[in-house]
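Structural description and commentary
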Amino acid sequence: MQMPMSAVPASSAVQDVRPNEELPPVVRIDNPMPHRLPEGENATPLEVIGTTASDKLIILMVGLPATGKTHIAKRICRFLSFFHDIPSQIFNAGDYRRQLFGATMPASFYDPTNEEGSSSRIKACNAALDDLIAYMKQEGVRVAAFDATNGTKERREYLMQSLKSSGIGAKIIFLESLCDNEQLLEENIRRVKLNTPDYRDLEPEAAVADFKRRRDHYMSVYETLEENEGPHIKIINSKRFIVNNIRGYLPLKVVHFIMNLHTQTRTFYLTRHGQSEYNLLGKIGGDSGLTPAGKEYARRLADFARDHIGVRKVVDPNTGEESEVQQPCRLWTSTLRRTKETTQFIDHSKFKYKWDNGDTGEWVQFRPMARRNLDELYAGVCDGMTYKDIEQVYPEEFNRRQEDKLTYRYPRGESYMDVTLRLEPLAQEMERTREPVLIVGHQGILRILYAYFMGLDRKEAPYVSIPLNNVIELTPHAYGCHEKRYCLMRREEMLNDGQDEPVTSMPTKKISAAEQNVVYHPQDPVMNAPSC
Ligand code: F6P
């Protein structure tokens with residue numbers, strides 16, 4: 001039923017629009033004190049997060065060798081510095097020991113009854129501690145992780161005393177990693193320890209035996225953390241967590257992060273969508289579909305997912321024979337058409353699966369999950385333009401973005417900093433997953449994820465080369481991240497119509513600011529047209 005005119009409140013009454021009447025002039029609002037976002041480094045929201053943390057934090061690692069301490073400390077520091085802009089550094093007593101006394105010490109060096117060995121190890125510990133204190137005394141919120149066994153109550157009390165009397169005034173927490181899963185330990189020893197400088201020159205079996213003797217020495221005096229030793233977190237076999245008396249913004253961020261973390265090996269596969277209609281035109285953003293070449297890439301990606309990502313090599317312990325078994329994998333896309341279309345040929349077979357917590361269920365292979373935080377950096381008013389259009393229509397914006405690509409925010413759009421912020425929860429989820437994950441995303445987004453795992457500075461991220469038609473395989477490990485690239489479609493296969501390569505990444509500034517023109521150079525490494 002229609003409401004009678006008289007009953008419509010005056011404020012919502014429909015205005016009589018007379019198209020021919022001249023519009024009133026635009027009223028300029030007097031705003032002598034505008035709210036301006038700071039420009040340059042730390043311009044946008046990340047700064048807000050950095051300043052949310054008001055206390056410095058020291059994390060004292062505790063745990064026997066090969067329990068994943070270094071891996072955990074590294075991931076925490078990486079996460080806080082990359083996503084939260086908090087300077088974070090690891091002080092590894094082993095590095096100091098190697099520097100002071102050499103890398104190849106026999107297991108007897110770690111025997112607690114060996115006085116010379118013990119005093120040398122205390123020297124290494126103190127050298128690391130001195131540097132940590134000097135680092136923490138610098139101004140501003142920062143994080144230090146002291147990476148050592150710290151396996152006795154006496155040693156931990158000594159550390160606490162030294163830190164408290166240094167006058168730093170930081171929050172201090174212990175982080176203990178316990179592992180009694182023999183299989184995990186063995187894997188960790190072979191995968192990680194044998195590649196450290198301590199064992200690089202030894203035969204693997206001799207190295208494992210020596211490492212186990214070293215571990216036994218530590219074990220003979222090891223005391224796990226007790227409740228009265230202050231704020232701490234215990235991680236038991238990467239599954240159980242005990243959080244004792246932890247307070248504060250940063251310490252709780254750390255708790256949340258490590259509860260998502262594990263130290264098992266797994267691999268991420270990053271790829272951009274296949275060539276889109278907008279890529280072909282050199283237009284940025286939009287929600288276009290794939291070109292025929294993009295569709296062909298989608299077909300090849302499906303084969304790669306089935307034959308490479310979806311299988312794992314296993315060796316029969318009795319016969320030594322190698323065979324391939326299907327392994328469960330995940331698939332994430334953005335919510336945009338071009339990424340979904342790129343996954344259209346991937347097979348989703350079902351099979352029975354047992355999770356490592358004992359649950360069983362049906363696994364849908366590469367079950368697609370569309371995630372909004374994987375959507376491409378939004379170019380606001382420039383969405384759908386080519387870089388040349390932007391340069392002509394918004395020359396000032398174009399120049400500002402060239403000056404500082406990390407913090408530049410498109411009008412009504414996003415900056416790389418904004419994107420970094422929305423990718424923080426996704427990165428945590430990546431840390432959490434145990435199965436291989438195939439991420440079909442976009443250039444800007446993948447640059448950030450790549451930079452995070454590869455240990456690059458945030459400033460470098462917007463310039464990372466993420467070409468179309470390639471899959472980037474990343475395998476994070478305790479000492480970094482292993483990278484391999486697979487080219488599924490060559491440049492020649494794309495440009496068979498003789499047209500110029502479209503520009504699909506912001507051209508870098510090649511000439512002095514005094515000259516006004518920007519060179520669109522086809523060989524520019526960040527112009528990620530199809531290439532191999
Ligand atoms: O050109 C493809 C694209 O994914 C655009 O949609 C996006 O705006 C751009 O890349 C991001 O690259 P850059 O930061 O170099 O402009």
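Residues numbered from 1 in each chain as written. Predicted model: local features only at pLDDT ≥ 70, side-chain atom pairs only at ≥ 80, totals over all residues. Heavy atoms only, no water.

The chain is annotated in an unreviewed UniProt entry as 6-phosphofructo-2-kinase / fructose-2,6-biphosphatase 3 of Fistulifera solaris.

1. Considering the pairing of strand β14 (residues 437-441)
Taking burial as the measure, the five residues of β14 include five buried ones, the bulk of the element. Of the two faces of β14, both are covered, the one formed by V437, I439 and G441 as well as the one formed by L438 and V440. Where strand β7 (residues 268-272) meets β14, five bridges bridge the pair, whose relative direction is parallel. Residue F268 lies in a different strand from β14, and its bridge partner there is V437. Of the pairings in the sheet, the one linking strand β10 (residues 330-333) to β14 comprises four bridges and is parallel in character. What sits directly across from L331, in β14, is L438. (Buried < 20%, exposed > 50% of the residue type's maximum accessible area, 1.4 Å probe, protein only. Helix = DSSP H or I, 4+ residues; strand = E, 2+ residues; numbered from the N terminus. Pairing = 2+ DSSP bridges.)

2. Regarding the sheet that holds strand β5 (residues 232-236)
Sheet strands pair via backbone hydrogen bonds, and the direction of the pair is either parallel or antiparallel. What the six strands build is an open sheet, ordered β2-β3-β1-β4-β5-β6; its pairing is mixed. Strands with a single pairing partner mark the edges of an open sheet, and in this sheet they are β2 (88-92) and β6 (240-244). For this sheet the average axis-to-axis angle between neighbouring strands, irrespective of direction, equals 15°. Of the pairings in the sheet, the one linking β5 to β6 comprises five bridges and is antiparallel in character. Counterpart to I235 in the pairing with β6 is F241. The strands that helix α2 (residues 69-84) touches are β1 (57-62), β2, β3 (143-147), β4 (171-178) and β5; relative to β2, the one it contacts most, it runs at about 160°. The strands touched by helix α4 (residues 115-137) within the sheet are β1, β2 and β3, with β3 carrying the most contacts at an inclination of about 175°. (Axes fitted to C-alpha atoms, helices over the stretch in contact; angles between N-to-C directions. Contact = heavy atoms within 4.5 Å.)

3. Focus: the sheet that holds β10
The mixed open sheet is built from six strands, whose spatial order is β13-β10-β14-β7-β15-β16. In this open sheet, the two strands that pair with only one neighbour each are β13 (367-370) and β16 (480-487). Within the sheet, the average angular offset between the axes of one strand and its neighbour, ignoring direction, is 20°. Its contacts with the sheet put helix α10 (residues 292-309) on β7, β14, β15 (470-477) and β16, and the angle it makes with β7 is roughly 175°.

4. Quick look at the nonpolar core
A general feature of soluble globular proteins is that nonpolar side chains tend to end up buried together. Judged by nonpolar contacts, the single largest core of 64 residues is most densely connected at I59 and I258. With residues near it in sequence (within four places) discarded, I258 still touches I72, I76, L175, I233, I235 and F241. By size, the runner-up hydrophobic cluster in this structure holds 30 residues, among which are L64, A144, A148 and I168. (Core = buried A, V, L, I, M, F, W, Y, C linked by side-chain atoms within 4.5 Å.)

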